[in-house]
Amino acid sequence: HAPTFYQVNIFEASDGTDETLDIVIQGSNTSASSGFVDWMTFPQITAVTSTYVDIQRGICPYRWRRAKTTVGGTNSPSFHGCIVSVHPAGRDDEK
């Protein structure tokens, strides 16, 4: 199996107080919206960042995947310019 990694990019400043962003990649083998389970979790995000998680076991065991995001904090917390992406060929700079 080819190495795979998931990446999150936050391009703009966040709003609120003590804002947090939790991202979980969920998977399912059916297209029904009720069949998804948590598969992979990113470290909690609190500011503009670029982070990734390598998948050591190769490909995802689920046919369907989605990113579930949860924003926390006070004073109307929000994150702007957020992209979650998958890269099935691995990272270029990994040796």
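Below or above, wherever it landed, is the structure these notes cover. Being a predicted model, the structure only gives us computed values, none of them experimental.

It is worth spelling out the overall build of the chain at this point. Helix and strand counts for the chain stand at zero helices and four strands. Starting at the N terminus and ending at the C terminus, the chain contains elements arranged as β-β-β-β. For the chain, buried positions account for 33% of its 95 residues. Considering only contacts in the chain between residues 6 or more positions apart, those separated by 24 or more positions represent 77%. For the chain, the accessible surface area stands at approximately 6,000 Å², while carbon and sulfur atoms represent 48% of it.

Next up on the list: the packing of aromatic side chains. Counting across every chain of the model gives two aromatic pairs. Between the aromatic rings of Phe5 and Tyr52, the centroid separation amounts to 5.9 Å while the plane-to-plane angle is 75°, which identifies the pairing as edge-to-face. Of this pair, Phe5 sits in strand 1 (residues 4-28) while Tyr52 sits in strand 3 (residues 49-55), placing them 47 residues apart in sequence. On the basis of relative accessibility, which here comes to 7%, the residue Phe5 falls in the buried class. With a centroid separation of 5.8 Å and an interplanar angle of 70°, the aromatic rings of Tyr6 and Trp39 are classed as edge-to-face.

What follows covers unusual backbone geometry. With a phi close to 50°, Asp18 is a non-glycine residue in the positive phi region. The residue Asp18 is located in strand 1 in this model. For Asp18, a relative accessible area of 65% translates into the label exposed. Its identity is not glycine, yet Ser76 carries a phi of approximately 55°, on the positive side. By the element assignment, Ser76 lies in strand 4 (residues 64-87).

Counting residues in hydrophobic clusters, the biggest one holds 14 residues, and the most contacted among them are Tyr6, Trp39, Met40, Phe42 and Ile45. Only strand 1, strand 2 (37-41) and strand 3 provide two or more residues apiece to this core. Tallying contributions element by element places strand 1 first for this core, with six residues. The residues touching Tyr6, leaving out its near neighbours within four places in the chain, are Ile25, Trp39, Met40, Phe42, Thr51, Tyr52, Val53, Ile55, Cys60, Arg65, Ser85 and Val86.

The rules we used
- What you see as residue numbers is a count from 1 along each chain, following the sequence as written.
- Local features in a predicted model are, by the rule used here, given only for residues with pLDDT of at least 70; side-chain atom pairs are given and counted only at 80 or more, and totals for whole chains, interfaces and linings are based on all residues.
- Only heavy atoms go into the side-chain values, all of them from the structure, while hydrogens and water stay out.
- Secondary structure is summarised from DSSP: a helix means a run of H or I of at least four residues, a strand means a run of E of at least two, and numbering begins at the N terminus for each.
- Accessibility here uses a 1.4 Å probe with only protein chains present; expressed as a share of the type maximum, an area under 20% marks a residue as buried, one over 50% as exposed, and anything in between as partly exposed.
- Residues are treated as being in contact if the distance between any of their heavy atoms lies within 4.5 Å.
- Values of accessible area rely on a 1.4 Å probe in the Shrake-Rupley scheme; residue burial ignores everything except the protein chains shown.
- Aromatic contacts are taken between Phe, Tyr and Trp rings whose centres are within 6.5 Å, Trp giving its six-membered ring; a plane angle under 30 degrees counts as stacked, one over 60 as edge-to-face, and the others as tilted.
- In these notes, a set of buried Ala, Val, Leu, Ile, Met, Phe, Trp, Tyr and Cys residues joined through side-chain atoms within 4.5 Å is what counts as a nonpolar core.

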